[in-house]
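Close look at the chain arrangement
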Amino acid sequence: MSDSKGDGTIAAKDENQDRGNWDKKSDYVLSCIGYAVGLGNVWRFPYLAFRNGGGAFLIPYVIMLVFAGLPVFFLECALGQFSSLGPISVFKFSPILKGIGICMVILNVLVSIYYNVIITYTVFYFFASLTPSLPWEVCTNWWNNNNTCSTVFVRTCTIHLTPAQASMQNILPTNNGSTYPNSLVSVADDVANLLNLSRTSICSDITSTRGTSPSEEFWENYVLQRSADINETGSVLTSLTLCLLVAWIVVYFSMIRGIKSSGKVVYFTAIFPYVVLLILLIRGATLEGAYDGVQYYIGSQSDLSKLQNAEVWKDAATQIFFSLSAAWGGLIALSSYNKFHNNCFFDSIVVCSVNCITSLFAGFAIFTVLGHMAHVLDKRVDEVVNSGFSLAFVAYPEAIAKLPVSPLWAILFFLMLFTLGLDSQFTGVEAILTAMTDMFPAQLRNKRSILTLSTIIVLFLLGLPNVTNAGVYWLNLIDHYSAGWGLIIIAVLELIGVAWVYGGNRFIEDIEMMIGKKSWWFWLYWRACWFFISPLLLIAILIWSLTTFSEPDYAGVKYPQWANALGWCSIAVGLMFIPIMGVYAIIQNKGNIYKASDPAPDWGPYLKKFRGQRYANMQEPAEALALAKYAPKVSEYKMKGESNPGFEEVDGKTKL
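The rules behind the values
Residues numbered from 1 in each chain as written. Predicted model: local features only at pLDDT ≥ 70, side-chain atom pairs only at ≥ 80, totals over all residues. Heavy atoms only, no water. Helix = DSSP H or I, 4+ residues; strand = E, 2+ residues; numbered from the N terminus. Rg over C-alpha atoms; globule rule 2.2 N^0.38 Å. Buried < 20%, exposed > 50% of the residue type's maximum accessible area, 1.4 Å probe, protein only. Contact = heavy atoms within 4.5 Å. Areas by Shrake-Rupley, 256 points an atom, 1.4 Å probe, with all protein chains shown as cover. Polar contact = N/O pair within 3.5 Å; in protein donor to acceptor, adjacent residues only side chain to side chain. Pairing = 2+ DSSP bridges. Axes fitted to C-alpha atoms, helices over the stretch in contact; angles between N-to-C directions. Disulfide = S-S within 2.5 Å. Parallel < 35°, antiparallel > 145°, perpendicular 65-115°, else oblique. Left-handed = near helix turned anticlockwise from the far one by under 90°. Nonpolar A, V, L, I, M, F, W, Y, C, P; charged D, E, K, R; others polar. pLDDT = per-residue confidence, 0-100. Expected span 1.5 Å × (residues − 1). Salt bridge = Lys/Arg side-chain N within 4 Å of Asp/Glu carboxyl O. Patch = residues over 30% accessible without salt bridge, like charges linked within 9 Å, V, L, I, M, F, W, Y side chains within 5 Å.

In terms of helices and strands, the protein chain carries 28 helices and 7 strands. For 656 residues, the compact-globule formula gives about 26 Å, and the C-alpha radius of gyration of the protein chain, at 29 Å, lands near that figure. Burial statistics for the protein chain: of 656 residues in total, 57% are counted as buried. Contacts in the protein chain between residues at least 24 apart in sequence constitute 79% of all its contacts with a sequence separation of at least 6. For the protein chain, the accessible surface area stands at approximately 26500 Å², while carbon and sulfur atoms represent 62% of it.

Dropping the structure here:
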């Protein structure tokens, strides 16, 4: 299994001998599932469902899947498969829009830098769990603050006594107001017993409070060693740097032969999380308090009235859109390695369905354990639920610490998070590499392993600020700006570009060349979504996001203005290429905007045998022409009893 340079990225049996193909359809489907199903399915969806009406949240969630998520997902899969090109070169269908592809790649670079730092945290916790007892179970470690750390909640209330009652007891000091705020509930019980009264008659505003939990101090003081704010960079943390290096080494060796290697790794990284979620669900269901957790998740606490709140619909739309990983360019990159007649429609339905079911399933695994934690702490479930970092690295680790054989559950949980993040990272990096090899095929195609190593080294070095004392501030800043509404702009422009500039009906004919003719009724839904519903929905979400935009903070710490300006610059760097490349295309076409919008002469199926009558007159792809001088002689293939579908032998010379 090798190409002409022997780096193993192209097999002799591949349909496309220039770019290579997936060895099996399952390689591709699992890669898409691994890409779509990420950390957000575990640490964000369950919290959003809980916050937005429980089971009621599934209604807007499914609606947004059908009318916003799935249409964009299928569109990108079809684009990549039809052209066999990555996220920049695919915009040959309308060169004026090429800046969208460049913006996709830039955002992938930014996200790949910090996303692997999140994976780094899971690596750190994994190694920290390889102990007889978890280090965040107690408050006696060197990083704990003896004045604030506590493993138990203290129940307090305000005691109200009449002057006569106050004089009849000697537990509390007598004062004129006879009101004792922040008194221990146990003290209230003693006073009530002494006066032969019930606690409720003298005690009000009962609250359960404690200092910081051991898991919170482990996260803040030991893992992050967080500084006061982003201005205090501090030093590079050796422990996190080594874990970051481990994470990137795993990514490199998983991608060393491109999709040929990553397509095999995903059999573990995409399937293993489901095994762990099932184990956690079964274990969680047997714990006291699990039922209460589920009730808060999608049970009796569900609130249909929340569907009247626009914020709920916005949360549903953004969650499904970001969860499916659409508009990043990764789906285009993965699909570009499909065989031409692969049924990308069926694949899209399967991946989107699995993604949604996974989110729902993960919620049960999370809330059963959180319900048990609330039971042990004598708290309501809604008082222990968090999302994001707080769920993954504070709340859930604390819940795990209360289980028997807690290190085992911690190892499984953090290994699951590691694999969930890993295959999403694969595709983010793959989108970058595919875009570069498509733009410079003659220089980079046969040097894939070197390109992968070089790219990963650069991304590792760029990620070092994220593992300093101020690292989590940098990570949160990039995430807030780069992975937010800029992505929605890309999706809207992509939909308008395909449906209105390139032509939705023309695009449908392209798809039918791959998956066969479909009825008019079949395409009615897709036409409605691509032309109207999906772009309008995303525009509404974009407007809502911009009008409700607030500057980021981390743990209540606000960012200085220079940091916010840097955040805006990070998204502007990507978005600015959209008008720049648009103007460049117009200039190339001597000011004719219509010609700049028309497909390039070499737009169409990459391989000649699939072009049919519709693309019989298209020029050979520029990528194929650039590779022609590196093509093996046709006679070499004939000696092996094989054929190179992209070339033929004329007068003893290999030609396209």
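As a further point, take the side chain of Ser597. Positionally, Ser597 belongs in helix H26 (residues 593-597). By relative accessible area, Ser597 is classed as buried at 17%. Among the polar contacts made by the side chain of Ser597, one reaches the main-chain carbonyl oxygen of Ile593 at a distance of 2.8 Å.

The 3 strands are arranged S2-S1-S3 in an open sheet whose pairing can be described as antiparallel. Taken across any chain shown, the strands that pair with only one partner, and hence form the sheet edges, are strand S2 (179-184) and strand S3 (203-209). Going from strand to strand, the sheet's axes swing by 15° on average, the running direction of each strand aside. With 4 bridges connecting them, strand S1 (residues 154-160) and S2 associate as antiparallel partners. Considered in S2, the bridge of His160 is made with Thr179.

Let's shift gears to the environment of Trp219. Within the secondary structure, Trp219 sits in helix H9 (residues 214-224). Take Trp219: its relative accessible area is 2%, and that puts it in the buried class. Separated by 171 residues in the primary sequence, Trp219 and Ser390 place their C-alpha atoms 9.2 Å from one another. Filtering out sequence-adjacent residues up to four positions away, Trp219 remains in contact with Tyr121, Tyr125, Leu224, Phe389, Phe393, Val394 and Tyr554. One polar contact links Trp219 to Tyr554, side chain to side chain, over a distance of 3.2 Å.

Moving on to helix H11 (residues 259-269). Taken residue by residue, H11 has Ile259, Lys260, Ser261, Ser262, Gly263, Val266 and Thr269 as its buried positions. Where H11 is buried, its residues meet helix H1 (25-36), helix H10 (238-254), helix H12 (272-285) and helix H18 (406-439).

Turning our attention to the state of the cysteines. Applying the stated criterion across every chain, the model contains 2 disulfides. Disulfide pairing is shown between Cys139 and Cys149; the S-S distance is 2.0 Å. With the S-S bond torsion at -70°, the cross-link from Cys139 to Cys149 turns out left-handed. In this pair, Cys139 is assigned in the loop between helix H5 (98-128) and S1 and Cys149 in the loop between H5 and S1, connecting sequence segments 10 residues apart.

Now for the packing of helix H4 (residues 58-83) against helix H14 (residues 310-323). Where H4 meets H14, the axes come as close as 8 Å, and the angle between the chain directions of the two elements is 40°. Judged by the angle between their axes, H4 and H14 are oblique. Regarding H4 and H14, the two cross each other, and that crossing is right-handed. From H4, Pro60, Tyr61, Ile63, Met64, Leu65 and Val72 reach across to H14, where they touch Val312, Trp313, Ala316, Ala317, Gln319, Ile320 and Phe321. Classifying every residue of the contact of H4 with H14 by side-chain character gives 12 nonpolar, 1 polar and no charged.

Per-chain confidence: the protein chain averages 90 in pLDDT, with 94% of residues scoring 70 or above. Within the protein chain, no element has a lower average pLDDT than helix H28 (residues 634-639), which sits at 41, and none a higher one than H10, at 98. For the stretch residues 1-6, pLDDT sits under 50, and the model shows 18 contacts to residues farther than four places along the chain or on other chains. Note that residues 633-646 has pLDDT below 50 and, in this model, 18 contacts with residues that lie over four places away or in other chains.

In this structure, Ser84 takes a positive phi of about 55° despite not being glycine. Position of Ser84 relative to the elements: it lies in the loop between H4 and H5. The backbone phi angle of Ala327 is positive, close to 75°, even though this residue is not glycine. Here Ala327 is to be found in the loop between H14 and helix H15 (330-335).

As for its placement among the helices and strands, Ser215 is situated in helix H9. Within polar-contact distance, the side chain of Ser215 engages the side chain of Ser213 at 3.1 Å. If we skip the residues at most four places from it in the chain, Ser215 touches Trp136, Phe393, Val394 and Glu398.

Before going further, it helps to spend a moment on the environment of Phe549. In this structure, Phe549 sits in the loop between helix H23 (520-547) and strand S4 (553-554). Residue classification places Phe549 among the partly exposed residues on the basis of a relative accessible area of 25%. Through-space distance from the C-alpha of Phe549 to that of Thr179 is 44 Å; in sequence the pair is 370 residues apart. Not counting residues within four places of it along the chain, the set of residues in contact with Phe549 comprises His480, Tyr481, Trp485 and Trp568.

With that out of the way, let us pick up helix H21 (residues 471-482). In an α-helix, one full turn covers 3.6 residues, which means residues spaced three or four apart are oriented alike. Its 12 residues place the ends of H21 16 Å apart at the C-alpha level, agreeing with the 16 Å of an ideal helix rising 1.5 Å per residue. In terms of burial, H21 is largely enclosed, as 10 of its 12 residues are buried. By the burial criterion, the buried members of H21 are Gly471, Val472, Tyr473, Trp474, Leu475, Asn476, Leu477, Ile478, Tyr481 and Ser482. Tucked inside the fold, the buried residues of H21 contact H5, H9, helix H17 (389-401), S4, strand S5 (557-558) and helix H24 (561-575).

Throughout the structure, instances matching the rule amount to 18 salt bridges. Two residues, Asp510 and Arg614, come together in a salt bridge whose shortest N-O distance is 2.7 Å. You can see Asp510 sitting in helix H22 (residues 485-515) and its partner Arg614 sitting in the loop between H26 and helix H27 (622-627), a full 104 residues away along the chain. Where salt bridges share partners, they join Asp14, Asp23, Asp27, Lys260 and Lys264 into one cluster.

Looking now at a nonpolar patch on the surface. Among the surface-exposed residues, Ile496, Trp500, Val501, Phe532, Ile533, Leu536, Ile539 and Ile543 lie close enough to one another that they form a single nonpolar patch of about 710 Å² accessible area. Elements supplying a minimum of two residues to the nonpolar patch: H22 and H23. Per-element accounting of the nonpolar patch gives the leading share, 5 residues, to H23. Judged by relative accessible area, Ile539 falls into the partly exposed class, the value being 31%.

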